[in-house]
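# Close look at the chain arrangement
Residues per chain, in single letters:
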Amino acid sequence: MKLPQGGKSELTFVGSLFLLGLIVFWDTWRTELPAFNLTISPKVFPYAIATLLMVLSALLMIAILRGDIATPEGAEPGEPIAKTDFKSFGIVLASLFAFLLLVERAGFIIAASLTFFGITVAFGNKKHGRAALFGTLFITVVYLSFTRFLNVQLPAGIFKGIL
């Protein structure tokens, strides 16, 4: 069966939603119930969400296989769909992974600044120095606002004892 242009990406997205529903269902099934008796089990809502997600994903999958695909915003039906920019996607993904790896070790300010800078590069910013400067200033203000005013402790990393 030949899918229309954009059909593969829609099937990939819908398949990942179905997989997410399966994971929620399986994780709910593994969850142990509390020792006390409840009127409504804590498993009811996760089962309902998982089932709804899987049913709607299956219905969307059937619609896509029948040829009913969405038209990207700003495009007319039948107009060719622009190719995915995997380079930008990879830079954003690498920036997010760098944040996960650095936030505890280097601290929130450094991890978030690198993530901010990486995402601005992925979106095509040519003024790298300015983006790094303003990003770091903004992240520092966010860090100080959370730690000083809201008493929400964010990892200081290498700035421990300084800030």
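One can find the structure itself at the top, above this paragraph.
Conventions and cut-offs
Residues numbered from 1 in each chain as written. Predicted model: local features only at pLDDT ≥ 70, side-chain atom pairs only at ≥ 80, totals over all residues. Heavy atoms only, no water. Helix = DSSP H or I, 4+ residues; strand = E, 2+ residues; numbered from the N terminus. Rg over C-alpha atoms; globule rule 2.2 N^0.38 Å. Buried < 20%, exposed > 50% of the residue type's maximum accessible area, 1.4 Å probe, protein only. Contact = heavy atoms within 4.5 Å. Areas by Shrake-Rupley, 256 points an atom, 1.4 Å probe, with all protein chains shown as cover. Lys, Arg positive; Asp, Glu negative; His and termini not counted. Charge placed at Lys NZ, Arg CZ, Asp CG, Glu CD. Core = buried A, V, L, I, M, F, W, Y, C linked by side-chain atoms within 4.5 Å. Salt bridge = Lys/Arg side-chain N within 4 Å of Asp/Glu carboxyl O. Phe/Tyr/Trp six-rings, centres within 6.5 Å; stacked < 30°, edge-to-face > 60°. Lys NZ or Arg CZ within 6 Å of the ring centre and 35° of its normal. Axes fitted to C-alpha atoms, helices over the stretch in contact; angles between N-to-C directions. Parallel < 35°, antiparallel > 145°, perpendicular 65-115°, else oblique. Left-handed = near helix turned anticlockwise from the far one by under 90°.

## What to know about the overall build of the protein chain
Check the secondary structure of the protein chain and you find 5 helices and 0 strands. Start at the N end of the protein chain and walk to the C end: the helices and strands fall as α-α-α-α-α. Rg of the C-alpha trace for the protein chain: 22 Å, well past the compact-globule value of 15 Å for 163 residues, more than 25% over. With respect to the three principal axes, the spread of C-alpha positions in the protein chain is 60 × 60 × 25 Å. Counting all 163 residues of the protein chain, 18% fall into the buried class. Sequence separation of 24 or more characterises 60% of the internal contacts of the protein chain that already satisfy a separation of 6 or more. Accessible area for the protein chain stands at about 12100 Å²; split by element, carbon and sulfur atoms hold 70% of it. Within the protein chain, one finds 13 positive and 9 negative side-chain charges whose respective centroids are separated by 11 Å.

## A few points about the nonpolar core
Counting 8 residues, the largest nonpolar core consists of Val 103, Phe 108, Ile 109, Ala 111, Ala 112, Ile 139, Tyr 143 and Ala 156. Elements supplying a minimum of two residues to this core: helix H4 (108-122) and helix H5 (128-149). In contact with Phe 108, other than residues within four places in its own chain, are Phe 99, Val 103, Ser 113, Ile 139, Val 142, Tyr 143, Leu 154 and Pro 155.

## Describing unusual backbone geometry
Positive phi is not limited to glycine here, since Asn 151 has a value of about 55 degrees. By secondary structure assignment, the location of Asn 151 is in the segment after H5. Judged by relative accessible area, which is 59%, Asn 151 ranks as exposed.

## Here's the deal with the pattern of salt bridges
This model, assessed by the stated rule, comprises 1 salt bridge. Across the pair Asp 27 and Arg 30 runs a salt bridge whose closest N-O atoms are separated by 4.0 Å. Linking Asp 27 with Arg 30, this pair stays in helix H1 (residues 7-30), spanning 3 residues, or about one helical turn. For Arg 30, a relative accessible area of 48% gives the class partly exposed.

## Topic: the environment of Phe 149
Position of Phe 149 among the secondary structure elements: in helix H5. A relative accessible area of 69% places Phe 149 in the exposed class. Put simply, Phe 149 and Phe 89 are 60 residues apart on the chain and 35 Å apart in space, counted from C-alpha to C-alpha.

## Regarding the packing of aromatic side chains
Under the defined criterion, the tally for this structure stands at 3 aromatic pairs. Between Phe 99 and Phe 108, the ring centres sit 6.2 Å apart and the planes meet at 85 degrees, which makes this aromatic pair edge-to-face. By relative accessible area, Phe 99 is classed as partly exposed at 25%. Above the face of the Trp 26 ring, Arg 30 is positioned so that its terminal group lies 4.5 Å from the ring centre.

## Observations concerning the packing of H1 against helix H2 (residues 44-65)
Where H1 meets H2, the axes come as close as 8 Å, and the angle between the chain directions of the two elements is 160 degrees. As judged from the angle between their axes, H1 and H2 are roughly antiparallel. Seen from above, H1 lies across H2 with left-handed handedness.

## Looking at the environment of Leu 56
Mapped onto the secondary structure, Leu 56 falls in helix H2. Leu 56 gets classed as partly exposed once you look at its relative accessible area, which sits at 46%. For the pair Leu 56 and Val 14, spaced 42 residues apart in the sequence, the C-alpha separation amounts to 9.1 Å.

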